[in-house]
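Observations on the model geometry
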Amino acid sequence: MQTIMQKNNRQIGIFFISILLLYLSGGALLPDMGILKFTPTIAGLMIAALFAINILDGPSVIKSRFVSIVQGFLIYILFTNVILSSSEPKIWLSILKSCLWCCSFMAAYYMLGCNPLCYEKKLVKLFGIVSIIGIIGTINMRLNPVMEIGVDELVGNNTVFYYVLVVPWLLLFKNKLLRRLCIAVLLILAVLSLKRSAVIIALSCSFAFFVFNQKKSNYRLLWIAVVIVLFCGIYKIVGNMAEVVNVTNRFEAMNEDEGNGRLDIYSDVFVQYLDSDLFSQLFGHGYNMVSVVLKGPSAHNDFLEVLYDYGIIGFIMFIYLHVRVAKTTYKLHKHRSSYFIPYMVSFIIFVVMSIVSHLIIYPTYFCCLVAFWAYIESMKMHNPSELYG
């Protein structure tokens, strides 16, 4: 037993280093990579190797339906990489980028073994360290004038998502004050980032966190009021300190820019899909091919991105992935589990990002979210009494 735990601890350490490298290279802390430009590739290969090693070892862990879905998605993505084109110049790079989120999920699930609960404290601390990169990166990108595109331009800062997608892990802290602090930081960074999707996520998660933490309805109303006041206060203070275009202008501009041209992009992607031949409609066009067709931007909607890149088959798998996350959220709520709020927050993030942003083609911060799902799935199969208790 001790040998298995030592092995799992080593693998968790390697996984953490991989995530740390991905965050450092993408979290605005190493903007001029130089010789470190291969860091994301090395990190991705480390995660893929972890998954491969665990598969070859023939792990004795029980697979859940969720695990089978991700495994099926992984096989399908590999298949499409072999038969279809890609936005990447080399097939191995396309495979690595497109499969990384699946490998992260599978590696996390298998390396936790048959007793994931004993690793919870370590995982929460490690992802707490990772979240600091997202905090520093967001503040750095917003306050550093060298990195600003222009004061008059309403430019959002994607670096905030390096913190946002770690929040479910942070809500596993046992200390109530720490959990509330994590939500407050989420609100502050959302305002600083000028990202509409981040603001929607921050407000939704804050309401969910405070409302479902209260058993009495009177207290729920009180905490709703607290969230509103807190957000307005943070917005005012941060807005004055940062001297940047305030986030409300981003929402006001939606009538003019239609969400930075998102409606036009959605229409273009869907029309391109409908104009495709039957084979492409079934199996897709290949990883990140929307950017090739549109000559730059992604679909800014994972449902359309998956539909175009992986066809109707991949689209059904992606929908089913949302259904499984929704079902687990409901089941945790039904059992009044202490894991319900962190998992619900992960579901909110997943849905909002899938609708108005993108996760599937950017594997860096998505790895943290799928690793969280893997941990809960492992708990579901091996420690159900602790998960639902």
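Residues numbered from 1 in each chain as written. Predicted model: local features only at pLDDT ≥ 70, side-chain atom pairs only at ≥ 80, totals over all residues. Heavy atoms only, no water.

Next up on the list: the nonpolar core. By size, the foremost hydrophobic cluster in this structure holds 103 residues, and its most contacted members are Trp 101, Leu 165, Phe 366 and Trp 373. With 13 residues, helix 17 (residues 363-382) is the largest single contributor of residues to this core. With residues up to four places along the chain from it excluded, the contact list for Phe 366 reads Trp 101, Leu 165, Phe 350, Leu 359, Ile 360 and Trp 373. One finds Ile 265, Tyr 266, Val 269 and Val 290 within the second-largest nonpolar core, a separate group that totals 10 residues. (Core = buried A, V, L, I, M, F, W, Y, C linked by side-chain atoms within 4.5 Å. Buried < 20%, exposed > 50% of the residue type's maximum accessible area, 1.4 Å probe, protein only. Helix = DSSP H or I, 4+ residues; strand = E, 2+ residues; numbered from the N terminus. Contact = heavy atoms within 4.5 Å.)

Let us look at the side chain of Asn 288. Topologically, Asn 288 is positioned in the loop between helix 13 (278-283) and helix 14 (289-293). Here Asn 288 falls in the buried class, since its relative accessible area comes to 14%. Not counting chain neighbours up to four residues away, the residues in contact with Asn 288 comprise Ser 87, Glu 305, Asp 309 and Ile 361.

Under the definition given, this model contains 23 aromatic pairs. With centroids separated by 5.4 Å and ring planes inclined at 65°, the aromatic side chains of Phe 303 and Phe 318 adopt a geometry described as edge-to-face. You can call Phe 318 buried: its relative accessible area is 0%. On the numbers, 6.0 Å between centres and 35° between planes, the contact of Tyr 343 with Phe 372 is tilted. One end of the pair, Tyr 343, is in helix 16 (residues 340-356); the other, Phe 372, is in helix 17, and 29 residues separate them in sequence. Taken as a pair, Tyr 343 and Phe 372 share a single burial class, namely buried. Put simply, the rings of Phe 66, Phe 73, Trp 101, Phe 105, Tyr 109, Tyr 110, Phe 303, Tyr 310, Phe 318, Phe 350, Phe 366 and Trp 373 touch in pairs and so form one group of aromatic residues. (Phe/Tyr/Trp six-rings, centres within 6.5 Å; stacked < 30°, edge-to-face > 60°.)

Rolling a probe over the atoms, with the probe sized like a water molecule, indicates the empty space that remains. Counting across every chain of the model gives two cavities of 30 Å³ or more. In this model, the second largest cavity occupies a volume close to 40 Å³. Phe 15, Ala 108, Met 111, Leu 112, Leu 123, Phe 127, Trp 169, Ala 371 and Tyr 375 are the residues that line the second largest cavity. For the lining of the second largest cavity, the class distribution of residues is nine nonpolar, no polar and no charged. (1 Å grid on protein atoms, 1.4 Å probe; cavity = no way out; pocket = protein on both sides within 12 Å on 5 of 7 lines; lining within 4 Å. Points joined across faces, edges and corners; volume = space filled by probe spheres on them. Nonpolar A, V, L, I, M, F, W, Y, C, P; charged D, E, K, R; others polar.)

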